[in-house]
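The chain contents come next:
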Amino acid sequence: MQYVSTRGRAPVLSFEEAMLTGLARDGGLYVPAEIPQMSHGDIAALAGLSYEEIAFRVMRPFVGDTFSDDEFGGLIEAAYAGFGHAARAPLKQVQSNHFLLELFHGPTLAFKDFAMQLIGQMFQAALTRRGDRVTIVGATSGDTGSAAMEAFRGLDAVDVFILFPHGRVSDVQRRQMTTVTEANTHALALTGDFDDCQARLKDMFNHFDFRDRVRLAGVNSINWARVLAQVVYFFSSAVSLGAPHRPVSFCVPTGNFGDIFAGYIAKRMGLPIDKLVIATNQNDILHRAMVSGGYVTEGVTPSISPSMDIQVSSNFERALFEAYDRDGAAVAQLMDELKDGGGFKISQGAIGRLRETFASGRASENETSAMIARALPEMGELLCPHSAVGVHVAQDFLGATPLVTLATAHPAKFPDAVEAASGIRPALPARMGDLFDRPERVQRVENDLAALEKVIEGGIRP
Ligand SMILES: Cc1ncc(COP(=O)(O)O)c(C=O)c1O
Ligand SMILES: N[C@@H](CCOP(=O)(O)O)C(=O)O
């Protein structure tokens, strides 16, 4: 299995190299050269299997010879052993033909744990075998950072630096990062928004001297392995609703487009997905792009669903690559226009292809709060604000095809917003009960590439 860049000018890599490389050297994102197929029979055979067994069958063809079957199976088992629900990703009916996929039973209470726990295992295995070390730098609007720190804390082969926007994540999210005690983890509070964090991260990848010196690796969804691990729950949930014998649609709270792109991959592999609905908060660039065909950045407005406060949606590049028939030069041109002019126009053909698969909607702040208030009495679920964005948008897409909305985080990660909307303050699980008593360790950093690189190089263990 080989991986190619969305901009067409970077070396072709194996799964292991793509995983350890992160961003392609031409600035693009790695995608499989060919998308493996699962037949009707292959998908039908997933019915009744455990989450781990489904994960193995879905991901195995993408991994190539990086791991043996036994080793890969063991890594999957280890990744999900710490989840707080036997089903890992339980599905719950909330309305007629509307289901909620609870993705918040991992160690840090957000869907990021599904990929990050597995990537932690895979990095450790690959780096140990190679006798190598890497420096992971991640950008987070709250959830990726805590999941990464949890997955990589204490590993000898990895130093982890997480950039988060100062004052723009919830107190729980911040403390999940700043109270990690292991010396290989560093929380960096950057003056700016998530887009600034992600832009500086990409600048570091494009600064080859620094990149090579620190052996830079990434665990944001720029890393293909992140997307891959998220493909699994589209299969597990669809199969439990009758796939491949009947189609299923998904509504996905969306920011960086990684999760919904995983759904797109599941569809391309053969899973009968009817629509993939992009649900955005008031930072609705993706919804506007789908409606108008123009991808135009505006400033980020902080919202009660802060993890989706994103305007430069990284994985949309992967969707564009497919919509432009894998024309890397065309994608590179659009990305240059985005960088230089703040936007681009999607061609008629490409937007048409995107609309064949993706639909979209947005939830305002009031609509999000109203859905949190409504969901508990009407659906029996206390929603986090991100999931509430999804459930609100889903209302316009209910019909004959079963619709699964992804519940991407636990409400206790956002207690202030949930309490303001519902009157109920969700409690953290007992194992995190002392989160607010633990000392915080965080460094303030400016939105300046050279200064950031200096902080990171200074923090790497000898
Ligand atoms: C809780 C939550 N919901 C939704 C999203 C959006 O997911 P994606 O960035 O993959 O579109 C995020 C951030 O990634 C998140 O943390
Ligand atoms: N919402 C994310 C933003 C980063 O997304 P990623 O999927 O690219 O890591 C977060 O919580 O950090």
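In case you missed it, the structure is sitting above this.
No experiment lies behind these values; they were computed from the predicted model shown.

Asker: Describe in detail the overall build of the protein, supporting the description with residues and values.
Answerer: A tally of regular secondary structure across the protein gives 19 helices and 16 strands. Expected size for 462 residues packed as a compact globule is a radius of gyration near 23 Å; at 20 Å, the protein falls within 12% of this value. Seen through its principal axes, the protein has C-alpha atoms that stretch 55 × 50 × 50 Å. Sequence separation of at least 24 residues holds for 75% of the intrachain contacts in the protein that already meet a minimum separation of 6. As presented, the protein carries roughly 16000 Å² of accessible surface, and 49% of it is formed by carbon and sulfur atoms. When the 42 positive and 54 negative side-chain charges of the protein are each reduced to one mean point, those points stand 1 Å apart.

Asker: Which residues make up the packing of helix 16 (residues 365-379) against helix 17 (residues 385-394), and what values go with them?
Answerer: Relative to each other, helix 16 and helix 17 sit at 85°, their axes nearing to 8 Å. By the angle between their directions, the pair helix 16 and helix 17 is classed as roughly perpendicular. Here helix 16 contributes Glu367, Thr368, Met371, Ile372 and Met379 to the contact with helix 17, which in turn contributes Pro385, Ala388, Val389, Val391 and His392.

Asker: Would you mind going over the site of ligand 2 in detail, with residue names and values included?
Answerer: What surrounds ligand 2 is the set Lys112, Thr140, Ser141, Gly142, Asp143, Thr144, Phe194, Asn220, Ser221, Arg226, Asn256 and Ser307. A distance of 2.7 Å separates an oxygen atom of ligand 2 from a polar atom in the side chain of Thr144. A distance of 2.8 Å is found between an oxygen atom of ligand 2 and a side-chain nitrogen or oxygen belonging to Asn220. Bound to the protein, ligand 2 loses 96% of the 340 Å² it would expose on its own. Of all the cavities here, the one that holds ligand 2 is the largest cavity.

Asker: Explain the packing of aromatic side chains to me, using residue names and the numbers behind them.
Answerer: What the rule picks out here adds up to 20 aromatic pairs. Taken together through their ring pairs, the aromatic side chains of Tyr51, Tyr80, Phe83, Phe114, Tyr233, Phe234 and Phe250 make up a single cluster. A cation sits over an aromatic face here: Arg25 above Phe208, 4.4 Å from the ring centre.

Asker: I'd like a rundown of the sheet that holds strand 5 (residues 98-102), residues and numbers included.
Answerer: Sheets are built from strands paired through backbone hydrogen bonds, the pairs being either parallel or antiparallel. Ordered by their spatial adjacency, six strands build an open sheet running 4-5-15-10-11-14, and the pairing between neighbours is mixed. Edge positions in the sheet fall to strand 4 (91-95) and strand 14 (358-362), since each has one partner strand and no second. With strand direction ignored, the average angle separating the axes of adjacent strands in the sheet is 25°. As judged from the five bridges shared by strand 5 and strand 15 (residues 403-407), these two strands associate in the parallel manner. Pairing of Phe99 across the sheet is with Val404, part of strand 15.

Analysis parameters
- Residues numbered from 1 in each chain as written.
- Chains lettered and ligands numbered in written order.
- Predicted model: local features only at pLDDT ≥ 70, side-chain atom pairs only at ≥ 80, totals over all residues.
- Heavy atoms only, no water.
- Helix = DSSP H or I, 4+ residues; strand = E, 2+ residues; numbered from the N terminus.
- Rg over C-alpha atoms; globule rule 2.2 N^0.38 Å.
- Contact = heavy atoms within 4.5 Å.
- Areas by Shrake-Rupley, 256 points an atom, 1.4 Å probe, with all protein chains shown as cover.
- Lys, Arg positive; Asp, Glu negative; His and termini not counted.
- Charge placed at Lys NZ, Arg CZ, Asp CG, Glu CD.
- Axes fitted to C-alpha atoms, helices over the stretch in contact; angles between N-to-C directions.
- Parallel < 35°, antiparallel > 145°, perpendicular 65-115°, else oblique.
- Near = heavy atom within 4 Å.
- Polar contact = N/O pair within 3.5 Å; in protein donor to acceptor, adjacent residues only side chain to side chain.
- 1 Å grid on protein atoms, 1.4 Å probe; cavity = no way out; pocket = protein on both sides within 12 Å on 5 of 7 lines; lining within 4 Å.
- Sits in = over half its atoms within 2 Å of the grid points.
- Phe/Tyr/Trp six-rings, centres within 6.5 Å; stacked < 30°, edge-to-face > 60°.
- Lys NZ or Arg CZ within 6 Å of the ring centre and 35° of its normal.
- Pairing = 2+ DSSP bridges.

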